[in-house]
Amino acid sequence: MHARPSFFLPVKVLSRVFRGKVVTGLRDAFHAGTLRRPSDLQHLTDERAFAAWLRTLFRHDWVVYAKPPFGGPRHVLHYLARYTHRVAISNHRLVAVTADEVTFRWKDYRHGSQIRTLTLDVDDFLRRFLLHVLPKRFVRIRYFGLLAPRCRTADLATCRAALAVAPPPTVPSATITRSWPCPGCGAPMRIIERLTARQLFLAARLADLAYDSS
């Protein structure tokens, strides 16, 4: 049987080849004297002890994962931005919205990324949409290391001092009031209450039930 043109090696064979390459590289670095060992592996300076340790690496199956590389950092950021700076579904994917159903476009990756349409009732559409709403105190982007919120102020000041870089100028805080114009008179509206997506969904359901009972 002829393999696909893009086929390279079976995964199990690839894992054994990778294991052999790594062990060979370790052995060559040991004989060349360029292999660095942590404090708990200093006993491997002896050639017999190192050879015995290398043999233990062949007692386990190594796991490898082969995948085509991304098209560079810009492509990776573009891919991640779909999940961090967008909502569950954008407006251009909505085809039709009625009182009972919602029709939208979706991409079928199993059949050549064909664009198809799907119609759901309003309750099921809202249920699927709310699955993408994060619970309270959950965030999409989390910073770590020097930019971790707990130690960012002190660490960045230490980095600026080590690099002899002046701190950025402080910007005076200003109170920004945002409001929406009234569709009737155009004057700014006064905010009475802010509702979450779940509260809006429950309010709409209660309104529908009250309308049906009347």
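Please read all numbers here as calculations on a predicted model, not as lab measurements.

### Considerations on the confidence of the model for the protein
Stage number 1. When pLDDT is averaged across the protein, the result is 84; 93% of the residues are at 70 or more.
Stage number 2. By mean pLDDT, the top-scoring element of the protein is strand β3 (residues 114-121) (94), and the lowest-scoring one is helix α6 (residues 197-213) (77).

### What to know about the sheet that holds strand β1 (residues 94-97)
Stage number 1. Reading across the sheet, the three strands line up as β1-β2-β3 and stay open at both edges, with antiparallel pairing between neighbours. Each edge of the sheet is formed by a strand with only one pairing partner; in this case those strands are β1 and β3. In this sheet, neighbouring strand axes are inclined to one another by 20° on average, regardless of whether the strands run parallel or antiparallel.
Stage number 2. Of the pairings in the sheet, the one linking strand β2 (residues 101-108) to β3 comprises eight bridges and is antiparallel in character. Note on β3: the bridge partner recorded for E101 is D121.
Stage number 3. Sheet strands in contact with helix α4 (residues 122-130) are β1, β2 and β3, and its direction is about 115° off that of β3.

### Points about the nonpolar core
Stage number 1. Of all hydrophobic cores here, the largest spans six residues; its members are V23, F30, L44, F50, L54 and L57.
Stage number 2. Mapped onto this core, the elements with two or more residues apiece are α1 (11-32) and α2 (47-56).
Stage number 3. Look past the residues within four positions of L57 in its chain and what remains in contact with it is R19, V23, L26 and W62.
Stage number 4. Judged by nonpolar contacts, the second largest core, of five residues, contains I89, F104, L120 and F125.

Cut-offs and rules
- Residues numbered from 1 in each chain as written.
- Predicted model: local features only at pLDDT ≥ 70, side-chain atom pairs only at ≥ 80, totals over all residues.
- Heavy atoms only, no water.
- pLDDT = per-residue confidence, 0-100.
- Helix = DSSP H or I, 4+ residues; strand = E, 2+ residues; numbered from the N terminus.
- Pairing = 2+ DSSP bridges.
- Axes fitted to C-alpha atoms, helices over the stretch in contact; angles between N-to-C directions.
- Contact = heavy atoms within 4.5 Å.
- Core = buried A, V, L, I, M, F, W, Y, C linked by side-chain atoms within 4.5 Å.
- Buried < 20%, exposed > 50% of the residue type's maximum accessible area, 1.4 Å probe, protein only.

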